[in-house]
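# Chains, contacts and geometry: an overview
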Amino acid sequence: MNSAARAAADPRVGAAFREWLLRAADDELIIGHRHSEWTGFGPDIESDVAMSSIAQEEIGHARAFYAQVAAGGGDADRLAFARAPADYRHATLVERENDGWEWSIVRLVLYERYEAERLRLLSASGQEPAAGLARTLLREERYHALFADAWLTRLARGREEGHRKVQAALDAAWPEALGFFEATDADATLEAAGFVDSPAAQRRRWDAAVRQVLEPCGLAIPSASPKEGGRRGQHTPEFDRLHDQMTEVWRSDPEARW
Amino acid sequence: MAIIQVFVDGAAMQTQGALRSCSYAPYARVLKRICYEEDFHIQLGLDVWRTLAEGTPRQRAMLQDALRRWWTPLIHFFGMPDRVSPHTEKMLAWRIKVKSNEELRQQFLRRFVPIILEYGLEVPDPGLRRVDGEDRYVYTEPDWEELKRVGRNGGPKSAERLALRQRFYRQHAWVREAVIQWAAA
Amino acid sequence: MGRGVNAEEPPEGAREPAGSGAVPGGDASGATGRGESWEGRLDAPPDVWAVFLQARTRDPHIHVGDVHAPDAEMALIVAKENYTRRDPCVNLWVVRAREIHATTEDAAEMFAPATDKSYRFGGSYRKQQQIYHSGWRLSHRDEDQ
């Protein structure tokens with residue numbers, strides 16, 4: 001039985017697959033929200049517009065993923081806004097407040113390579129329409145990575161002060177970036193079903209990919225332990241504040257259309 | 001948000017639409033694309049407007065409340081009345097301005113007051129009415145001194161907004177220098 | 001960014017902003033007074049880039065506006081989001097605006113035909129057109145025209 005058939009037949013595999021999609025949806029929604037907070041405050045107008053556009057695209061991707069999860073029965077809006085903070089499955093790195101342009105750019109670099117890898121695995125999964133969606137999204141994410149890499153290079157290699165700031169941001173972000181690969185039971189199920197290889201193997205590929213942009217910038221790759229929790233719904237006070245703000249309109253009247 | 005997108009963008013469309021034929025060519029050139037995009041903004045705004053106006057009683061109340069909050073700034077938007085506007089005559093002569101403030105304000109009212117009434121909402125100015133037999137509105141004159149104050153950064157949020165922008169501008173000084181350095185290398 | 005030639009029909013007294021058209025004398029330093037100079041480089045700051053967008057393959061690139069950017073790569077990256085969000089695009093060019101050479105505003109008089117140039121337009125060759133087109137139809141009967 002191939003993976004696609006296995007997923008169709010086995011409800012446990014189906015559930016694991018939906019959890020995988022939900023992680024993607026939550027990652028995209030929350031990082032999109034953080035990107036959107038740069039609107040009006042970017043270092044120059046052109047980058048401000050570009051970052052706002054990237055934010056919009058990420059939220060659009062989230063919507064598409066929620067629709068896939070909800071296809072089994074549910075409502076994309078409810079998934080996005082009606083869950084309690086502990087029910088979200090994004091990695092904690094994406095919920096962190098924007099701590100300077102260099103922080104956001106470093107996060108973007110790390111995230112985009114993770115996302116590209118996730119989309120590649122999803123597009124090879126044979127599970128339509130999710131696989132088709134992944135193939136489409138890869139085209140947009142390519143630009144996000146270009147934007148991130150261009151900015152990283154200029155910040156890290158411009159002058160000494162910039163280099164220090166970028167290194168500090170990388171050091172701070174690294175442990176929670178490893179949290180992208182936090183494993184739950186779903187990962188073992190997906191691996192057994194042949195959709196993905198182990199989180200450890202995915203992490204190795206991601207590590208090699210990010211090195212390709214970090215090392216030419218003269219940045220030292222940190223060697224910290226992972227800081228996990230997000231994939232199990234353990235989030236930070238920063239997410240509580242974000243969630244509060246993001247769901248304010250929704251919570252004012254969950255039955256209303258907006 | 002809907003009020004801003006429909007009415008403020010709508011107001012902007014009146015002025016910017018007119019300026020497409022102004023004499024300052026670089027501005028006129030870029031306005032073509034801007035007006036096209038503003039038009040889209042207004043369509044989107046109207047979509048939200050309709051959803052709220054046709055929604056729950058609470059949503060309608062929110063909409064009416066927002067309209068009330070933004071009404072005076074909307075009337076202010078077009079500037080001082082022609083009789084006291086200091087630069088209008090010269091601007092019109094040089095075609096930097098194409099229509100007077102009052103002409104644009106009237107255009108705006110003709111376009112948008114019917115939309116408010118169509119959805120059963122109230123115009124927040126009890127003194128506003130169409131002049132019989134004419135295509136013109138009379139309205140309660142707002143406080144023009146307030147407009148002058150806002151224009152000089154004395155509005156309720158001016159200091160806060162400026163301070164925020166300036167803070168980020170300072171924060172990004174190193175970013176600007178970094179990109180210049182990199183380009184020069 | 002200004003242009004050497006203003007294609008609009010400005011009312012009396014309309015101007016491009018001072019210093020935005022071509023700097024006469026072909027010298028970016030702004031040296032003037034070399035007689036009847038008709039061209040020069042655009043007087044733009046070094047970080048302004050003109051953006052040219054190709055909508056579909058086989059279309060020409062059209063100037064859609066400008067961006068500020070420190071270098072070419074960044075200019076292309078920001079041009080994508082500032083000019084192609086709603087318009088179709090398959091290719092972008094960016095050029096540093098100050099590298100663009102342009103004719104001066106008053107050179108416009110050279111481009112307008114002063115004497116009868118109808119010999120350049122096919123419309124004055126009515127009879128010949130008819131002969132040519134009927135011949136074309138005969139020889140290209142098999143093609144969609």
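Right, let's talk about the overall build of chain A for a bit. Scanning chain A from N- to C-terminus turns up eleven helices and zero strands. The C-alpha atoms of chain A give a radius of gyration of 18 Å, which matches the 18 Å a tight globule of 258 residues would have. Its C-alpha atoms put chain A at 55 × 45 × 30 Å along the principal axes. The burial tally for chain A puts 44% of its 258 residues in the buried class.

Here chain B averages 90 in pLDDT, while 100% of its residues score no lower than 70. On the interface metric, ipTM, the complex scores 0.86, and its pTM is 0.85.

Below, the discussion takes up unusual backbone geometry. A negative phi angle characterises most non-glycine residues, just as the trans form characterises most peptide bonds. Here the residue pair E128(A) and P129(A) is connected by a cis peptide bond, since its omega of 0 degrees sits within 30 degrees of zero. We note that N153(B) has phi near 65 degrees; this positive angle belongs to a residue other than glycine. Look at N153(B) and you get exposed, because 10 C-beta atoms sit within 10 Å. Of note, the phi angle at R58(C) is positive, near 85 degrees, even though the residue is not glycine. Positionally, R58(C) belongs in the loop between β2 (48-54) and β3 (62-68).

Turning our attention to helix α9 (residues 199-214) of chain A. Residue and element names in this part refer to chain A. With 16 residues, α9 ought to run about 22 Å at 1.5 Å a step, and its terminal C-alpha atoms sit 22 Å apart, in line with that. Taken together, the buried positions of α9 are Q202, W206, V210 and L214. Buried residues of α9 fall within an arc of 100 degrees about the axis and therefore sit on the same side. Of the exposed residues in α9, the ones pointing more than 90 degrees away from its buried face are A200, A201, A208 and Q212.

So, how was this worked out
Residues numbered from 1 in each chain as written. Chains lettered and ligands numbered in written order. Predicted model: local features only at pLDDT ≥ 70, side-chain atom pairs only at ≥ 80, totals over all residues. Helix = DSSP H or I, 4+ residues; strand = E, 2+ residues; numbered from the N terminus. Rg over C-alpha atoms; globule rule 2.2 N^0.38 Å. Buried ≥ 20, exposed ≤ 12 C-beta atoms within 10 Å, placed from the backbone. pLDDT = per-residue confidence, 0-100. Expected span 1.5 Å × (residues − 1). Arc of directions from axis to C-beta.

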